[in-house]
Amino acid sequence: MATTRREFIHNGLAFVSLGLAMPHFLMQAAAADPMGAAIPGVPAIPAGKILVVIEMSGGNDGLNTVIPYTDPNYAKLRPNIGIKASDVVKIDGNLGLHPRLKAFGNLYEKGHLAVVNSVGYPNPNRSHFQSMDIWQLGNPDLDIKDRVGWLARYFDDDGHLKSNPLSGVTLGSSLPLTLFSEHAPVSAVGNGRDYGFRVDAGDRDAQLSALKALYAEGTVAGGNAEFIRNVGSEAYSSSLQLQQALDHYDTKAGDAAKYPRYNGFAEGLQTIAKLISGGLGTRVYYHSIGGFDTHANQPYQHGQLLGQLADGLSAFFDDLALQGRANDVIVMTFSEFGRRAKENGSAGTDHGAGSVMFLAGAGVKGGLYGEAPNLGDLDDGDVRFHTDFRSVYATLLDNWLGCKSSAVLSGAFPHLAFV
């Protein structure tokens, strides 16, 4: 079976670890390049705004994230797991944040947090996999033939970002669907330090020499062999640039930001901060936090997750401010669906529909957007959606990333005023 370029990029780390190397002259050139410079033979990434996408996987309970604490229906629907009005972090006379989102409350007070309520799409799908695909594709039609993610289509549409594997970076070992593209390679970098050329330590020099000779210029020509050599070159060169960016991180600023300990999500955010402050040039980062499928014993688990989210992002923005990059970054959170309005018999909630999104950053016009959930007017037990999630995408594409959203989203969607 033929191997596509996307599969090679998808498995970039494994590809490098198998021992494919770039020609020596490319290694020298890459090592000499300043951060953000072009990979030899690959277009440079132009300077621009940065989007960090946070996936809250499992289906986040929007009603216990942004709480309609004055609505009497809320207490009736959630007598056991509801958040007391006295505990919420109030952001207006009717809505408040979960108490573990206190750090988000501080961002809100600064005007750096936008809360979009009742977000969803028509005919909601309660399957984790299918609904996540819908959000990642940016299209509620799961029967479409071209399953290219909305961020990948942004890379494809924005032609100058094509063919540079550092235009988009995701933490972890594989690419999410939203970054899959036939034309725009994106890098999965693990924790950053994992991304690189790995050989056995015992005979490293010999292995490197053999691989350099194998893939030296002119030893392969045309077709799949040339394709393999080029992808290997890109992977190795990009790994050097990534390591250089990590090495240029101001650790004193990182220490001052006080990332929370024992918080793997926050560690990932710090890796992103390192790459941004190191001048990598990446335009889109993707990171995730899982565990929001709270069918049972929701209060503790949900609180822990929201605390990790808010505390990690608070430190992340403090770090960016100390590094002088706070104005360049917006964070967007999303989840595949919300939860049912009524709690279940296991102190949890089941799969629902409309939920909430956060947009955070110094470039955000903070405030409330969309309609607050009306618990007296549910849609078969779910919060009705009023804002199509593609309006959030369109706003970011047009007003932050600077491309035409209609080309990426195959249609026009009204903007929100958060940027």
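About the criteria used
Residues numbered from 1 in each chain as written. Predicted model: local features only at pLDDT ≥ 70, side-chain atom pairs only at ≥ 80, totals over all residues. Heavy atoms only, no water. Helix = DSSP H or I, 4+ residues; strand = E, 2+ residues; numbered from the N terminus. Contact = heavy atoms within 4.5 Å. Polar contact = N/O pair within 3.5 Å; in protein donor to acceptor, adjacent residues only side chain to side chain. Buried < 20%, exposed > 50% of the residue type's maximum accessible area, 1.4 Å probe, protein only. Pairing = 2+ DSSP bridges. Phe/Tyr/Trp six-rings, centres within 6.5 Å; stacked < 30°, edge-to-face > 60°. Lys NZ or Arg CZ within 6 Å of the ring centre and 35° of its normal. Expected span 1.5 Å × (residues − 1). Axes fitted to C-alpha atoms, helices over the stretch in contact; angles between N-to-C directions. Parallel < 35°, antiparallel > 145°, perpendicular 65-115°, else oblique. Left-handed = near helix turned anticlockwise from the far one by under 90°. Nonpolar A, V, L, I, M, F, W, Y, C, P; charged D, E, K, R; others polar.

Participant: Could you give an account of the environment of threonine 65, naming the residues involved and the relevant values?
Facilitator: Inspection of the secondary structure puts threonine 65 in the loop between β1 (50–57) and β2 (66–67). Taking the C-alpha atoms as reference points, threonine 65 and leucine 95, separated by 30 residues in sequence, lie 9.9 Å from one another. Setting aside residues no more than four positions away along its own chain, threonine 65 makes contact with Asn60, Gly96, Leu97, His98, Leu101, His302, Leu306, Val356 and Phe358. At a separation of 2.7 Å, a polar atom in the side chain of threonine 65 contacts the main-chain carbonyl oxygen of aspartate 61.

Participant: How would you explain the pairing of strand β9 (residues 329–334) if you had to name every residue and give the values?
Facilitator: It is a general feature of regular strands that their side chains alternate between the two faces of the sheet. For β9, the buried fraction is high: six of the six residues fall into the buried class. One ladder, built from six bridges, connects β1 with β9; its direction is parallel. The partner of valine 53 across the bridge, within β9, is methionine 332. Inspection of the sheet shows β9 paired to strand β10 (residues 355–360) by two bridges, in the antiparallel sense. Each bridged residue has a counterpart across the sheet, and for methionine 332 the counterpart in β10 is leucine 359.

Participant: I'd like a rundown of the packing of aromatic side chains, residues and numbers included.
Facilitator: Within the structure shown, the criterion is met by nine aromatic pairs. Aromatic pair phenylalanine 104 and phenylalanine 358: ring centres 4.9 Å apart, planes at 75°, arrangement edge-to-face. Within this pair, whereas phenylalanine 104 is found in helix α5 (residues 102–110), its partner phenylalanine 358 is found in strand β10, the two being separated by 254 residues in sequence. A relative accessible area of 1% places phenylalanine 358 in the buried class. When the ring centre of tyrosine 69 is taken as reference, the NZ or CZ atom of lysine 90 above it lies at 5.1 Å.

Participant: Before we move on, could you go through the sheet that holds β2 and cite the residues and values that matter?
Facilitator: Strands sit in the order β2-β4-β3 across an open sheet of three strands; the sheet is antiparallel. Strand pairing shows two members of the sheet lacking a second neighbour, β2 and β3 (89–90), which therefore form its edges. Across two bridges, the pairing between β2 and strand β4 (residues 96–97) is antiparallel. Across the sheet, the residue bridging to valine 66 is leucine 97, located in β4.

Participant: Describe helix α11 (residues 264–277), and please don't skip the residues or the numbers.
Facilitator: End to end, α11 covers 20 Å across 14 residues, agreeing with the expected 20 Å (1.5 Å per residue, within 8%). Burial within α11 is extensive, with eleven of its 14 residues counted as buried. The complete set of buried residues in α11 reads Phe265, Ala266, Gly268, Leu269, Gln270, Thr271, Ile272, Ala273, Leu275, Ile276 and Ser277. The N-terminus of α11 is capped by asparagine 263, whose side-chain oxygen sits 3.2 Å from the backbone nitrogen of phenylalanine 265.

Participant: Please provide a residue-by-residue account of the packing of α11 against helix α12 (residues 298–322), values included.
Facilitator: Viewed as axis vectors pointing N to C, α11 and α12 meet at an angle of 20°, and their least axial separation amounts to 9 Å. Of the possible angle classes, the one that applies to α11 and α12 is roughly parallel. In this structure, the crossing between α11 and α12 has a hand that is right-handed. Across the interface between the two elements, Phe265, Ala266, Leu269, Gln270, Ile272, Ala273 and Ile276 from α11 touch Gln308, Leu309, Gly312, Leu313, Phe316, Asp319 and Leu320 from α12. For the contact of α11 with α12, a count of residues per class yields ten nonpolar, three polar and one charged.

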